[in-house]
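Tertiary structure, described
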Amino acid sequence: MTGAFLWQLAHPWRRGLMVLMLILLAQSLAALALPWLAGQLGAGFLESATGQGRVWPLVAAILGLLVLQAGLSAGAALLYAANAEAILAALRLRLFGHLLALPLPWHQGQERGSLMALATLEIERLGHFITGTLVYLAPLLLTAGGATVALFLLDPALALLVPVLVPGFYILTRLVGRRLRGLGQQIQSEHAAATTRVEEMLDLLPALKSFAVEPAEAVRHATGIDRLRRLSLREARLHALIDPAMGLAVSVAAVVLLVAVGRKLQSGDMGAAETISFLMYIALLVRPVSQLASVYGQVQTVRGTLARLQAVLETTPEPPAAGTLPPRAKGEVTFDAVTFAYPERGAALRGLSLSIAAGETVALTGPNGAGKSTAIALLMGFQRADAGRILLDAQDIATMPPDHLRRQIGLVPQTRHLRNASVRDNIAFGRDGATGAQVEAAARIAQAHAFILGLPQGYDTLIGDRGLRLSGGQQQRIALARALVGDPAVLILDEATSMFDTEGEAALVAECREALAGRTVIIVTHRPATLALADRVLRLEDGRIVEDI
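Moving on, we come to the pattern of salt bridges. Counted according to the given criterion, the structure contains 16 salt bridges. Where Arg227 meets Glu190, a salt bridge forms, and the shortest distance between an N and an O atom there is 3.2 Å. Highlighted residues: Arg227 in helix H9 (residues 214-267) and Glu190 in helix H7 (residues 165-203), separated in sequence by 37 residues. Classification of Arg227 by relative accessible area gives partly exposed; the value is 33%. Overall, the relative accessible area of 13% leaves Glu190 in the buried class. For Glu318, the salt bridge goes to Arg406, with nearest N and O atoms at 2.7 Å. Pair noted here: Glu318 is in the loop between helix H10 (272-313) and strand S1 (333-342) and Arg406 is in helix H12 (residues 402-407), with a separation of 88 residues, a long-range link.

Written as C-alpha cells, this is what we have:
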C-alpha cells in the first residue's frame, strides 16, 4: 500500500523524473563503456607498433565520454534541483491545504507537534527521497548489473566470486534495515514531542513564570532532547556501520579478485586489455553496491513518514454539499430535536429544540457543561448532530457548503485568535477586500476605534503574536470588529465581553442595541449587563432548555 501511495505522490512529475532518470542512465552507460575503452587503450600501448595506430582514436573516444559525462552530470544536477523544489513545494501545499480542510474534531484529537513535524521536517525528507533516491535507483542498478555482466563476459570463472557476496549483503541490509525502521519511527515521535514542548512553552510562558517552574520545564525539555540525541546517535551509528561495511565487503572482494587477476595475467591466461578492463569494472562495481546499501536504509527510514502522510491525506475533509444559500441569509435559526454526544464524554445535547426569529437577540446561559458551546459548534458546522436538524432560514445546514454557512455567521469566541499583523489586517480578516471605511465602521461598533487611534501607527500598528501587545479587552474588541466587518446575518457572542471592565461592557451594550438591530444575535454569557441585550434568555441544563424568559 505504501508503494502505491508513493507512486501516487510522484505521478504528477513523472515526465520530469523520467527525463532525469534517462540522463542518469546515460551517465551509467558512459561509465560502463569507459573500462572497456581503457582496456583497449592499455593494450594498444603494450602491444607492438602494429597496435599503436588505434591509440589516439581510443584517447579521443575516452575524452569524448568524459566530456559527455560532465555535461550529463550538470544537466542532471539542474533537473534534480528543479524537480526536487517543485515536488517539495507541491507536497507542502497539498498537506497544508488538506489540513485546513479537515474538520475541527479531527484536529482536536491530534498532537500538534506531530503535525508540525510532518509538515516541515518529514515532508522535506520525503520530497528529497522521491527525487534523490528513487530516481537514482535504476541508474545504480544498471551500473552494478552492467559491471557484473561485463565481468562475466571477460572471465566467467573469476566473475563467479562476485555473487558470493550477495547473500551476506542481503542479510546485513535486512538486519540493519529492520533496526533503522524502528529507530526512524522513534526519532520522528521524539521530534514531534520536542516541537510540542516548545509550542506549549511559548503558549504557557506567563503561567510558567507565575509559578516559577522554568527550571523544571527546562529539565523536562532537556530530558526529551537527550532521548532524541541518543536515538539519533544510534541511527547515525547504524548508517556509519552499514555504508563502510558494504564498501569493505566489496573492497575485500575486489582485492581477492585482484590477486586472482594478477595470477592469470602472470600465467598468460588473461590478456592486457581484459586485465585492465576487469580491474576497472571491479572498481566501478564498488560504488553502486555501497550506495544500494544506503538506499535500503533510507527506504526503511522514510516508510514511517509515508504511513503518517497517507493517514492524514486519506482522512475525509469537510465535504462540500449540494445546497446553496442566498447571498445573505435572513438569520432565522431553528434547532429541531437536536441530540449530540462526544465519543468520550457522553451526551451534550438531549433533543434540544428552539427557534430564533430573524433579527432576534437570544442569550444562552446555564452552568458549565450545560451544552451552550456544543450548540454553537453545531450551528457553525464544526460538529454534526447525531439526531435532529439545525435550520438556517428553513434550510438544513447539513446540505450547505460549510464555507458558505460560516460566511453567514460572525463568531466572537471567548479565546481570541489573532495573528501577528496590523490592526487593520486583523479586522479585515473576516472579509476579503474590506475597505478602510468598513474596517473603521466595524471598529466603532466594537468600541475599538478610540484606542486604535491611540496606538503608535493607528490601524497600521502590529499587534504582536496572538495580539500580545494589546490588553485582553482590546483583543476582544478587535475580535468583535472582525466578526462584524463581514456583515453576517447571525452574530454569536461566546462570552465576548468576558475581558471587558464594567464601564467598557456598558458602553458596548449601549452601542450594540442600535448597531445589532435587524441582525440575529446569539449571546453566550453569565454577565447581567450583556444579558440586558437579549430579547429572550434561555437557560440550559444537561443539554436541554429548562427556562425561557
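From this point, things continue past the structure.
Okay, the side chain of Thr143 next. When you line up the elements, Thr143 lands in helix H5 (residues 112-154). Relative accessible area serves as the criterion here: at 9%, Thr143 is assigned to the buried category. The residues contacting Thr143, other than those within four sequence positions of it, are Ser28, Leu32, Leu284 and Pro288.

A few words now on helix H11 (residues 372-379). Burial runs high along H11: 7 of the 8 residues are buried. Residues Lys372, Thr374, Ala375, Ile376, Ala377, Leu378 and Leu379 constitute the buried set of H11. Directly beyond the C-terminal end of H11, a positive phi value near 80 degrees is found at Gly381.

Rules used throughout
- Residues numbered from 1 in each chain as written.
- Predicted model: local features only at pLDDT ≥ 70, side-chain atom pairs only at ≥ 80, totals over all residues.
- Heavy atoms only, no water.
- Salt bridge = Lys/Arg side-chain N within 4 Å of Asp/Glu carboxyl O.
- Helix = DSSP H or I, 4+ residues; strand = E, 2+ residues; numbered from the N terminus.
- Buried < 20%, exposed > 50% of the residue type's maximum accessible area, 1.4 Å probe, protein only.
- Contact = heavy atoms within 4.5 Å.

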